[in-house]
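# Residue-level structural notes
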Amino acid sequence: MKKRLLLAAFAILGLISCSNEGNVINTAENMKTSEMQNFKKAFKSLGEIQNRPTEEEKRNPELSERRKALLIPASKDLILSSGVSEKEMMAKTKGNSSSIIIWAYKIYADKSSQINQSLKSQN
């Protein structure tokens, strides 16, 4: 009887522990803004069959204009969501799509780092 009770207690503790780990993961994803999620989805879309680089595009180490065009809307949204005006964004990047994507990636990385630090401090 005691063995079964002890086994049940350990099983319950294990389940509670596992469910708490899932909450932390869900919290990290929930803390990301919709602009951050869209930016991540845009990058993931580059791996889809229709968006993969052609043989000609593979010869050039930079992203092609076709593939950059997939990232630009989400990149602009992410930059604008950080409090920068569109006029300021265009002045700093001179409308260069590569500069816009790089700036958005830096914002994404910074915000992700802040979220991770926040989660670490909570635990």
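Scroll up for the structure.
The structure contained in this document is the topic of the report that follows. Computed from a prediction, not measured in an experiment: that's the story for all the values here. (Residues numbered from 1 in each chain as written. Predicted model: local features only at pLDDT ≥ 70, side-chain atom pairs only at ≥ 80, totals over all residues. Heavy atoms only, no water.)

## Concerning unusual backbone geometry
Of note, the phi angle at K94 is positive, near 55°, even though the residue is not glycine. Mapping K94 onto the fold places it in the loop between helix 5 (86-93) and helix 6 (97-122). The exposure class assigned to K94 is exposed, which follows from its relative accessible area of 74%. (Helix = DSSP H or I, 4+ residues; strand = E, 2+ residues; numbered from the N terminus. Buried < 20%, exposed > 50% of the residue type's maximum accessible area, 1.4 Å probe, protein only.)

## So, the nonpolar core
Counting 19 residues, the largest nonpolar core has F39, L78, I79 and W103 as the members making the most contacts within it. Put simply, the parts of the chain that give this core at least two residues each are helix 2 (34-45), helix 4 (65-81) and helix 6. Looking at this core element by element, the count peaks at 8 residues for helix 6. Residues in contact with W103, not counting those within four places in the same chain, are I79, V84, M89, K92 and T93. (Core = buried A, V, L, I, M, F, W, Y, C linked by side-chain atoms within 4.5 Å. Contact = heavy atoms within 4.5 Å.)

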